[in-house]
Amino acid sequence: MQQYSSLPEQNSQVDATPTVLTTIQQLRAELWLERSLNQLQNRLNDCLVNLTSNQQTGAGEAEIFQTVVNELSSVLNNSKVAIALVEPQQTVGKVCFIPASPPQNLPSLVLKGMVKKKKKLRLRLAEEIEIDDLQLLEQQEPPSAWQLATDIDGVIGWLIIIRTPVESDSNSFKDTCVQITSQLLTRAAQQCVTTITQFRKIQSLQQHCQQLETINQELERTNQLKNQFLANTSHEIRTPLSSITGFTHLLLAQGYDPSKERHQEYLSIIQSSSKHLLALINDILDLSKIEANQLEMQWEKVDLQTLCRNVLILVKEKAANKGLKLSLELDPHVNTLLADSLRLKQMLLNLLFNALKFTTNGTVGLQVKSNNAWIYFTVWDTGTGISEKHQAELFQPYFQISNSVVSPNEGTGLGLVVTRKLAELHGGSVEVESKLGCGSRFTIVLPFRQEERESGEVEEVGEVGEVGGVGEDGKSEDRSRPSQLVSINNYSTNLLLVEDDSHNAQLMQVYLERLGYQVNLANNSEQMWKILDKQKPAVILLDIKLPNENGLAIIQQLREHQQCRSIPIIVQTAMAMKGDREICLAAGVNEYISKPIDLPLLGSLVAKYTKPTT
């Protein structure tokens, strides 16, 4: 690299007046200044390109500072240049950059203006310099320090120089040297700050681009999961629907005969497929509610002995069909727990059905133990096991393990996700231990909150008896299901059913008429009012979602009507999200039942609000 002296040597052969000589010296000095600054800017540009192309971070600014120091030291010959960096809110700077080959035997920096004694500073690596001293060096004539300040961060450092004394017979030459050197360092400091600012902006843009790339990748993954979910869900929904429509067609074609065993089998398949379809929809709704923070927990004192027996009853048939044994081990000191019984049963069933699905021979078991403030529900099996790679992905939405034991499209990959989220809503977690070929252990860990401890006993599966009121899907039964229907003898049997869906209307009408009620059917509010003008029913059964009509507004009209305000109203609706029940009750209804209609529950509610005839 070509080097330049502080200023070109004076041409002693030029025969000119002092004025002409001074002008030539100034021109040569200005050319040297611009050439030096251009060279520094080129080096900084090359440095910036290299750093941004390699996407360096922490070392980037250091390389820029070092480039400035090296270039200035080169063009200023024996003068020593350094850069001291300053941390925010600090009163001391530290020398962090000096030339790669610093000149030797240079004098120290002398602070002028000291009253009692002079203060000397040496530019050595890691040398600390007080900010006050740097400000004094900046104010000296000529200055020996220049601030490096950005618009955003303020002062980030100082450019410092120790000059070599200039010896010359010409005072104008000495003045020019000092003046040009100060200009060089002032503009070099500006170039340094500009390059640092550009580098930081480029870094910020690169980081933003990386964030956008990460977001795009996540969106792409989410889109793939959505497509996979829709494909799996479509398959799962079509499978039970195919059974429902197919066997219904056979019954219609052959003519239903209750005495035929085959027809009873068809109806059983239809019912089973319908419950499968409902369970699938419930899983999807549960996940949606949880993610939207709309799932309400119903805390109650749970009898764990009874709950665990009931859960095993629900899977006994599936286990028997696969030739698998069931095992139940209950800690005798665990008897009650404060939890949501319906959701606890749902979690256990999800794990048990998964265990049965991936087990072809051997045993599936449920073990319940306590340890101080925690209770552990462990579902274990002797099935195929799960690799470590898949264990890390088990609780991702819609994730399914490819396995020769089960159908590639069986399930939607939501069960474990829902289970973990329900456990977290209980203040607990789900843990998994598994090894390929050696079975799996899934453990629901819940805080052992209970109202009181009672003595318990170990239960065996073979001794478990049937307990009424448990839905076959393990979670679809209503919590308020009465144990039996209330007798309607001597009660008014006149009902008004307002329902726009003909199939649901027929279902409810047939069921209620078999219970002894007289049901008048209206498809909309206009028909409802015509019927109410002629008679006063004991109960109004109202669908909230009527075509082009607001069911809540109809309820308000009924409550404001002189003849109808005292009639009990039971709404049946597909509105099943958080707050829907409260909205309906606040509007003035007496009871709320969500679709699909639980017929025994419907009959009990109607019986409850039917008025005795007088």
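The rules we used
Residues numbered from 1 in each chain as written. Predicted model: local features only at pLDDT ≥ 70, side-chain atom pairs only at ≥ 80, totals over all residues. Heavy atoms only, no water. UniProt positions renumbered as here; feature names shortened; annotations may be inferred. Helix = DSSP H or I, 4+ residues; strand = E, 2+ residues; numbered from the N terminus. Buried < 20%, exposed > 50% of the residue type's maximum accessible area, 1.4 Å probe, protein only. Contact = heavy atoms within 4.5 Å. Areas by Shrake-Rupley, 256 points an atom, 1.4 Å probe, with all protein chains shown as cover. Pairing = 2+ DSSP bridges. Axes fitted to C-alpha atoms, helices over the stretch in contact; angles between N-to-C directions. Core = buried A, V, L, I, M, F, W, Y, C linked by side-chain atoms within 4.5 Å. Salt bridge = Lys/Arg side-chain N within 4 Å of Asp/Glu carboxyl O.

Going by an unreviewed UniProt entry, the protein carries the name Circadian input-output histidine kinase CikA and comes from Fischerella thermalis CCMEE 5330. The record in UniProt for the protein states the following under Sequence similarities (unreviewed entry): "In the N-terminal section; belongs to the phytochrome family."

A separate point is the overall build of the protein. Across its full length, the protein holds 14 helices and 21 strands. Counting only residues that meet the buried cut, the protein has 43% of its 614 residues in that class. Counting only contacts in the protein whose residues sit at least 6 apart along the sequence, the fraction spanning at least 24 positions is 70%. Counting only carbon and sulfur atoms, one obtains 48% of the accessible surface of the protein, whose full area is about 33300 Å².

Attention now goes to the sheet that holds strand S15 (residues 494-498). Two orientations exist for strands paired in a sheet by backbone hydrogen bonds: parallel and antiparallel. The strand order across the open sheet formed by five strands is S16-S15-S17-S20-S21, and the pairing between neighbours is parallel. Among the strands making up the open sheet, the edge pair consists of strand S16 (518-522) and strand S21 (591-594). Here the strands of the sheet are splayed against their neighbours by 20° on average, with no regard to which way each runs. Pairing geometry for S15 and S16, over five bridges, is parallel. By the bridge assignment for S16, asparagine 494 is matched with glutamine 518. Sheet strands in contact with helix H11 (residues 525-534) are S15, S16 and strand S17 (539-543), and its direction is about 140° off that of S16. The sheet strands contacting helix H14 (residues 599-609) are S15, S17, strand S20 (569-573) and S21, and the helix crosses S21 at an angle near 170°.

So, on to the nonpolar core. Of all hydrophobic cores here, the largest spans 47 residues; its most connected members are Leu337, Leu344, Ile375, Phe377 and Ile444. Contact partners of isoleucine 375, with chain neighbours within four places excluded, come to Leu304, Val334, Leu337, Val368, Lys369, Ser370, Ile444, Val445, Leu446 and Phe448. Counting residues in each nonpolar core, the second largest holds 33 residues, with Leu37, Cys47, Ile64 and Ile156 among its members.

What follows is about H14. Among the 11 residues that make up H14, nine are buried, leaving the element largely enclosed by the rest of the structure. Those residues of H14 not exposed but buried are Leu599, Leu601, Leu602, Gly603, Ser604, Leu605, Val606, Ala607 and Tyr609. Contacts made by the buried residues of H14 are with S15, helix H10 (502-514), S17, S20 and S21.

Attention now goes to the pattern of salt bridges. For the coordinates displayed, the defined rule picks out nine salt bridges. Of the charged contacts, one joins arginine 43 and glutamate 71 as a salt bridge, the two residues approaching to 3.3 Å between their closest N and O atoms. Of this pair, arginine 43 sits in helix H1 (residues 18-54) while glutamate 71 sits in helix H2 (residues 58-75), and the two are 28 residues apart along the sequence. Among the residues examined, arginine 43 registers a relative accessible area of 31% and is labelled partly exposed. Relative accessible area serves as the criterion here: at 8%, glutamate 71 is assigned to the buried category. Between arginine 221 and glutamate 218 there is a salt bridge whose closest N-O contact spans 3.6 Å.

So, on to the environment of valine 334. The topology assignment puts valine 334 in the loop between strand S9 (325-330) and strand S10 (336-339). With relative accessibility at 2%, the residue valine 334 sits in the buried group. Along the backbone, valine 334 and phenylalanine 448 are 114 residues apart, and their C-alpha atoms lie at a distance of 9.3 Å. Residues contacting valine 334, with those up to four places away along its chain left out, are Leu304, Gln305, Val368, Lys369, Ser370, Ile375 and Phe448.

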